[in-house]
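Take a look at the letters that make up each chain.
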Amino acid sequence: DTGVSQDPRHKITKRGQNVTFRCDPISEHNRLYWYRQTLGQGPEFLTYFQNEAQLEKSRLLSDRFSAERPKGSFSTLEIQRTEQGDSAMYLCASSTTDRTEAFFGQGTRLTVV
Amino acid sequence: GNSVTQMEGPVTLSEEAFLTINCTYTATGYPSLFWYVQYPGEGLQLLLKATKADDKGSNKGFEATYRKETTSFHLEKGSVQVSDSAVYFCALRGTDSWGKLQFGAGTQVVVTP
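Residues numbered from 1 in each chain as written. Chains lettered and ligands numbered in written order. Predicted model: local features only at pLDDT ≥ 70, side-chain atom pairs only at ≥ 80, totals over all residues. Heavy atoms only, no water.

Below, the discussion takes up the overall build of chain B. Each helix and strand counted, chain B has zero helices and 12 strands in total. Each helix and strand of chain B, placed in order from N terminus to C terminus, yields the pattern β-β-β-β-β-β-β-β-β-β-β-β. The C-alpha radius of gyration of chain B comes to 13 Å, within 12% of the 13 Å expected for a compact globule of 113 residues. By its C-alpha atoms, chain B is 45 × 30 × 20 Å across when sized along the principal axes. Across the 113 residues of chain B, 43% fall into the buried class. Taking contacts inside chain B between residues at least 6 apart in sequence as the whole, the part at least 24 apart equals 56%. With an accessible surface of roughly 5,300 Å², chain B has 48% of that area assigned to carbon and sulfur atoms. Computing the positive centroid from 9 side-chain charges and the negative centroid from 11, chain B places the two 9 Å apart. (Helix = DSSP H or I, 4+ residues; strand = E, 2+ residues; numbered from the N terminus. Rg over C-alpha atoms; globule rule 2.2 N^0.38 Å. Buried < 20%, exposed > 50% of the residue type's maximum accessible area, 1.4 Å probe, protein only. Contact = heavy atoms within 4.5 Å. Areas by Shrake-Rupley, 256 points an atom, 1.4 Å probe, with all protein chains shown as cover. Lys, Arg positive; Asp, Glu negative; His and termini not counted. Charge placed at Lys NZ, Arg CZ, Asp CG, Glu CD.)

Below is the structure:
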């Protein structure tokens, strides 16, 4: 069990650029979640995959955001035309179907300048 | 909808002091309850959990009891150490939520020698 891995750990981008983050869940976990955490706040749910199917998207996930999980393994989160308000920590978590606890990665900190 | 309210920080304590962080929730049915801890620059780590009323979760000297009658899940530790300095998040997993977590805003704990 190598844990949930996220890449990159830090990303600085100019406003208007596109960015993509990657999450590698724990290998036997078929549930994968993306959260966003802004400074001084708790994480907020963005989207959820069970295997390769994206089953829920938060209203926080605007049209500029897209997430994929091809083949039910790793996942990517893309933000198009980034805005300063997108600056946050993006957290990925995974879990198995029959367990309640989710394991989190260390996150990708995005700064939009 | 579901919500979690936890006491605001920062909470500043001396080493070996008693720590309590209050957490109350609003949810339908019987959610599962969690405490996560976030050390500086790191992702979230599960500290403890409780999945039904009157369950007590415990780990590393921390305890929390799931109180259905008061909709609470307060975190306690009898004697804190400097290494317990972190941000603590209370969270719930609803019964119909695909496993996604609803977090409180977090409570920063600072333990001084």
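Below, the discussion takes up the pairing of strand E7 (residues 56-59) of chain B. All names here are of chain B. The sheet contact formed by E7 and strand E8 (residues 62-65) spans four bridges and is antiparallel. If you follow asparagine 59 over to E8, its bridge partner there is phenylalanine 62. Linking E7 back to E8 in an antiparallel pair, the connection comprises two residues, with lysine 60 at a positive phi of about 55 degrees. (Pairing = 2+ DSSP bridges.)

Between chain B and chain A, the contact holds 21 residues from the first and 21 residues from the second. Here chain B packs against chain A, burying approximately 1,700 Å² in sum over the two surfaces, 52% of which is carbon and sulfur. Taken together, the connections running from chain B to chain A amount to two salt bridges. In this structure, A:Glu56 engages B:Lys100 in a salt bridge whose closest nitrogen and oxygen atoms are separated by 2.5 Å. At the junction of chain B and chain A, the tally comes to six residue pairs in polar contact (both at pLDDT 80 or more). Breaking the side of chain B that touches chain A down by element, the ones donating at least two residues are strand E5 (32-38), strand E6 (44-50), strand E10 (86-93) and strand E11 (101-103) of chain B. Looking at the side of chain B that touches chain A, the element that brings in the most residues is E5(B), giving four residues. In terms of residue class, the side of chain B that touches chain A is built from nine nonpolar, eight polar and four charged. (Buried area = accessible area lost by both parts, 1.4 Å probe. Salt bridge = Lys/Arg side-chain N within 4 Å of Asp/Glu carboxyl O. Polar contact = N/O pair within 3.5 Å; in protein donor to acceptor, adjacent residues only side chain to side chain. Nonpolar A, V, L, I, M, F, W, Y, C, P; charged D, E, K, R; others polar.)

Once that is clear, we can look at the sheet that holds strand E1 (residues 5-7) of chain A. All names here are of chain A. Judged by pairing direction, the sheet is antiparallel, and its four strands sit side by side in the order E1-E3-E8-E7 without closing on themselves. One side of each edge strand has no neighbouring strand; the edge strands of this open sheet are E1 and strand E7 (65-68). Averaged over neighbouring strand pairs, the angle between their axes works out to 15 degrees when direction is ignored. In terms of strand pairing, E7 meets strand E8 (residues 75-79) through four bridges, oriented antiparallel. In the sheet register, serine 66 faces E8, and the bridge partner there is glutamate 78. (Axes fitted to C-alpha atoms, helices over the stretch in contact; angles between N-to-C directions.)

Now for the state of the cysteines. Put plainly, a disulfide is one covalent bond tying together the sulfur atoms of two cysteines. Residue and element names in this part refer to chain A. One pass over the structure, following the stated rule, counts two disulfides over all chains. Note that cysteine 23 is cross-linked by a disulfide to cysteine 92, the S-S spacing being 1.9 Å. Its S-S torsion of about -70 degrees marks the bond between cysteine 23 and cysteine 92 as left-handed, since a negative value means left-handed. Of the two residues, cysteine 23 is situated in strand E3 (residues 19-24) and cysteine 92 in strand E9 (residues 88-95); the sequence distance between them amounts to 69 residues. This pair shows no difference in class: cysteine 23 is buried, exactly as cysteine 92 is. (Disulfide = S-S within 2.5 Å.)

Honestly, that's just the spatial picture; any functional story needs more than this.
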